[in-house]
Each structure stands twice: as structure tokens, then as C-alpha cells.
Amino acid sequence: MMQIVILDGYSVNPGDLDWAPLKKLGTVSVYDRTHPSMVIQRLRGAEAVFTNKVRMTKEVLQSARQLKFIGELATGYDNIDVAAARERGITVCNVPAYSTEAVAQLTIALLLDVTQRAAHLDRLVHKGQWSASPDFCFWDRAPILLDGKTFGIIGIGRIGKRVATIAKALGMRVIGCSRKPKLDFCGEQKTFEEVVRESDVLSLHCPATADTIGMINRDLIHTMKDGAILINTARGSLINESDVAEALQIGKLSACAVDVVSTEPISRANPLLSAPNCLITPHYAWTPVPMRQKLIDISAANLAAFLNGCPINVVS
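Remember, predicted model here, so these are calculated numbers, not experimental data.

## Brief notes about helix α10 (residues 241–250)
Part 1 of the reasoning: Listing the buried residues of α10 in full gives Glu241, Asp243, Val244, Ala245, Ala247 and Leu248.
Part 2 of the reasoning: Elements that come into contact with the buried residues of α10 comprise α9 (218–222), β10 (228–232), β11 (253–258) and β12 (278–280).
Part 3 of the reasoning: Capping the start of α10, Asn240 holds a side-chain oxygen 3.2 Å from the backbone nitrogen of Ser242, two or three residues further along.
Part 4 of the reasoning: Of the residues trailing α10, Gly251 is marked for its positive phi of about 85°.

What follows is the structure, encoded as C-alpha cells:
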């Protein structure tokens, strides 16, 4: 039986799912979490490993002499030294597009929270401020009407296109940009600069690459509309957090909502924590049960295809 190790299974399956699809393919050892100092030890004798965030470094791969397959329990695989894996002849597979609907849903939820402030007003109501109001209605700041506003998307892949469809249903003008034209995008395709300049809401849905890391910085924010809203459910490294916090402080950005930050879990020193009108959720867009079940099922399919000599979703 193939020896299969899962290094950090808790985030994918804290107990509400079953690893059965993988258990059909070999003997599975599941660790909830693995400290970097324990990775090499836990990979001894392993032929296949699955990781969500545990780093697979060159040192680790050189030590894991029997390893043939690495399964990324996610779409992004920047925690794996794919060049070192290639040198060793280790196949690396990821799980593309498993959480499209969930990430799109949270993107719009963040937008609605920022513009409607329903949770904020609920807290004020429970504190008695509506009860003390002399009027039948109460608010401390008027909500923002999205109808007619421009929703800009950086990266119109599967998630970006899904978000665009929902934004358009809200009556928004949708614009977007991507490295390659997308025939099935429901909005207007513009240049990167045009999207940044014209958007009332700018939403990030692109991967973190050498070209995109830190792209939302002071200079770029300067070209945005005054009072624009920034949303990031892609990768924390896309934005310069100090520059975004500064833009919130001076009102250049009216609000920011993120599900991802540069270092996760978030550092207590992260400037976004003290910035005004900044909504932060803990990288949980992908976690609805159907999405995590899909992640396990596709991961098992990746390994099964590898064992049959026809690997799929190969990234290296």
C-alpha cells in the first residue's frame, strides 16, 4: 500500500469531513498541524504527501528520498519549491477552481458589509441607540447605494467572472482587466490603469506573482478615485498594507475589506488592524463544507490519476 502523509489536515478537515477518498489509495497518516522542524521526520517513508500551507523546501525534498508525489490542498502552491521537486522527479499537483462560488460570495458579502454596515447598526441597536432615538428610523451614517457605481476587477479568471456577474445583478457597471482577453466576461474589458482609475470599488482576484506583489501601493492608490473602496480576497501580498492604512487614515480610500493579509495568522503589528473603516476576516472564504469536500475529492483524483500514469492538474 502507498504511504500517504497529510501534514496539516485540520484547516481542510477539522472533523466534519472524511478522508475516505484518499484512504482508498493507500495508508494515510493525518497530522492536524506540522511544525517546520517536524516535516522531514514525518515524511520518512512517505511516497505521497499532501500539504495546505506547510512549506516543502529543497532541504525537505532532498531528505524525503521515497517521495514521488506532492498534492497541494489548495490552488496556490507557493509553499512548494517546485524547481527542487522537478529536479527530484517529484510530480506536484494542485486543486484549481474548487472555491469559486465561495470566494465570490464572500467578496460580495464584504462589499455589502462595508456599504450597508448592517452588523455595525445591529450592534448599536442592541446597545439601545435606536430605542433612544426620537425618530422611527436610526442610522449614524447613510448606506452607500451600489446601483450605478463602477465595480472594477483585477484578474477576470473564474472567480473574477463570477464576482462580476453578481455585481452586475446589483446594478453596477462592471469593468475588468486580465493578462489575456476573456470572451465570456460580462463587463467591459479595460487596461489595468483604466480599471484602477475608474472604479468606485476595486476588487482583487489575481495571483501573487513578481508583477503583482505589492501592486496596490501609495502611487497606485493616488490614481484611484477619492473615496474608493478596496476589496482583497486573493492574496495578502498584493497590497502594501502600510500604504493602504495610510490611505484609509487620510480618507483617500473610504473603506477596505480583506480576507487575506501579508502574514497569516495576522500579526498584531499589522497596520490594517488600527486603520479606520477596515474590515478583516481570517482567510476563510474557501471554507464552506461543500468547498472543502470538493478539495478532498479532487486531491484524491489527482493522486489516483498519478498512480494510473496519467497525472492531472500538474504544476510541476
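## Some points on the nonpolar core
Part 1 of the reasoning: With 29 residues, the main nonpolar core has Ile216 and Val244 as its most contacted residues.
Part 2 of the reasoning: Every element with two or more residues in this core is listed here: β7 (173–177), α8 (192–198), β9 (201–204), α9, β10, α10 and β11.
Part 3 of the reasoning: Here this core gets four residues from one element, more than from any other, and that element is α10.
Part 4 of the reasoning: Formed by 24 residues, the second largest nonpolar core is a distinct cluster that contains Val12, Ala48, Ile296 and Phe306.

## Examining helix α7 (residues 158–169)
Part 1 of the reasoning: Here α7 spans 17 Å end to end across 12 residues, near enough to the 16 Å set by a 1.5 Å rise per residue.
Part 2 of the reasoning: What α7 keeps buried is the set Gly160, Val163, Ala164 and Ala167. In an axial view of α7, the angular spread of the buried residues amounts to 105°, which keeps them on one side of the axis. Across from the buried face of α7, at angles greater than 90 degrees, the exposed residues are Arg158 and Ala169.
Part 3 of the reasoning: Looking at the packing, one finds that the buried side of α7 touches α5 (100–116), β6 (150–154) and β7.
Part 4 of the reasoning: Looking one or two residues past α7, Gly171 carries a phi angle of roughly 90°, positive in sign.

## Re the pattern of salt bridges
Side-chain pairing between opposite charges can occur once the charged atoms of the two side chains come close.
Part 1 of the reasoning: Tallied over the entire structure, the rule returns 12 salt bridges.
Part 2 of the reasoning: The residue Glu47 makes a salt bridge to Lys68 at a minimum N-O spacing of 3.5 Å. Here the residue Glu47 occupies a position in the loop between α2 (39–42) and β3 (48–51), and Lys68 occupies one in the loop between α3 (58–63) and β4 (69–72), the gap between them amounting to 21 residues.
Part 3 of the reasoning: Relative accessible area serves as the criterion here: at 17%, Glu47 is assigned to the buried category.
Part 4 of the reasoning: A salt bridge links Lys225 to Asp200; the nearest nitrogen and oxygen atoms lie 3.1 Å apart.

## A few points about the sheet that holds β10
Note: strands within a sheet are paired through backbone hydrogen bonds, in either parallel or antiparallel orientation.
Part 1 of the reasoning: What the seven strands build is an open sheet, ordered β8-β7-β6-β9-β10-β11-β12; its pairing is parallel. Because the sheet does not close on itself, it has two edges, and the strands there are β8 (188–189) and β12.
Part 2 of the reasoning: The sheet contact formed by β7 and β8 spans two bridges and is parallel. Note that in β8 the partner of Ile175 across the bridge is Glu188.
Part 3 of the reasoning: Seen against the sheet, α7 touches β6 and β7 and runs at an angle of roughly 175° to β6.
Part 4 of the reasoning: Its contacts with the sheet place α10 against β10, β11 and β12, and it is angled at close to 140° to β11.

## What to know about the sheet that holds β4
Part 1 of the reasoning: On the basis of which strands lie adjacent, the open sheet formed by five strands has the order β2-β1-β3-β4-β5 and parallel pairing. Only two strands of the sheet have a single neighbouring strand rather than two, namely β2 (26–30) and β5 (91–93). Across this sheet, the average inter-strand angle for adjacent strands is 15°, counted without regard to direction.
Part 2 of the reasoning: As paired strands, β3 and β4 are joined by four bridges and run parallel to one another. Considered in β4, the bridge of Ala48 is made with Phe69.
Part 3 of the reasoning: Against the sheet, helix α11 (residues 289–307) contacts β1 (2–6), β3, β4 and β5, and its axis sits at roughly 160° relative to β4.

## Quick look at unusual backbone geometry
Part 1 of the reasoning: Look at the link from Glu264 to Pro265: it is a cis peptide, with omega at 0°.
Part 2 of the reasoning: Although it is not a glycine, Ala97 adopts a positive phi angle of roughly 60°.
Part 3 of the reasoning: Position of Ala97 among the secondary structure elements: in the loop between β5 and α5.
Part 4 of the reasoning: Using a relative accessible area of 26% as the deciding quantity, one classes Ala97 as partly exposed.
Part 5 of the reasoning: The phi dihedral of His283 falls on the positive side, at around 50°, and the residue is not glycine.
Part 6 of the reasoning: Along the chain, His283 turns up in the loop between β12 and α11.

## Considering the side chain of Asn13
Part 1 of the reasoning: Structurally, the position occupied by Asn13 is in the loop between β1 and α1 (20–23).
Part 2 of the reasoning: The exposure class assigned to Asn13 is buried, which follows from its relative accessible area of 8%.

## Details of the pairing of β1
Part 1 of the reasoning: Of all five residues in β1, four are buried, a share of seventy percent or more.
Part 2 of the reasoning: In this sheet, β2 lies alongside β1 in parallel orientation, the contact comprising five bridges. Bridge pairing in β2 places Ile6 opposite Val30.
Part 3 of the reasoning: Bridge count for β1 against β3 is three bridges, and the pairing is parallel.

Cut-offs and rules
Within each chain, residue numbers correspond to sequence positions counted from 1 in written order. Given that this is a predicted model, residues contribute local features only at a pLDDT of at least 70 and side-chain atom pairs are listed and counted only at 80 or more, while totals for whole chains, interfaces and linings are drawn from all residues. The side-chain quantities take in all heavy atoms of the structure and omit both hydrogens and water. Relative accessibility under 20% of the residue-type maximum defines a buried residue, over 50% an exposed one, and the middle range a partly exposed one, all with a 1.4 Å probe and only protein chains included. Numbering of helices and strands runs from the N terminus; a helix is a DSSP stretch of H or I covering at least four residues, while a strand is a stretch of E covering at least two. Note on contacts: a residue pair qualifies if any of its non-hydrogen atoms lie within 4.5 Å across the two residues. In protein, a polar contact means a hydrogen-donor-capable atom and an acceptor-capable atom, both N or O and within 3.5 Å, with residues adjacent in sequence counting only if both atoms are side-chain atoms; elsewhere, any N or O pair within 3.5 Å suffices. Grouping buried Ala, Val, Leu, Ile, Met, Phe, Trp, Tyr and Cys residues that are joined through side-chain atoms within 4.5 Å yields what is termed a nonpolar core. For a helix, the expected span equals 1.5 Å multiplied by the number of residues minus one. The directions from the helix axis to the C-beta atoms are what the arc is built from. The term salt bridge refers to a pairing of a side-chain nitrogen on Lys or Arg with a carboxyl oxygen on Asp or Glu at a separation within 4 Å. Strands qualify as paired when DSSP identifies two bridges or more between them. Each axis is a line fitted through C-alpha atoms, taken for helices only over the stretch in contact, and angles between the N-to-C directions span 0 to 180 degrees.

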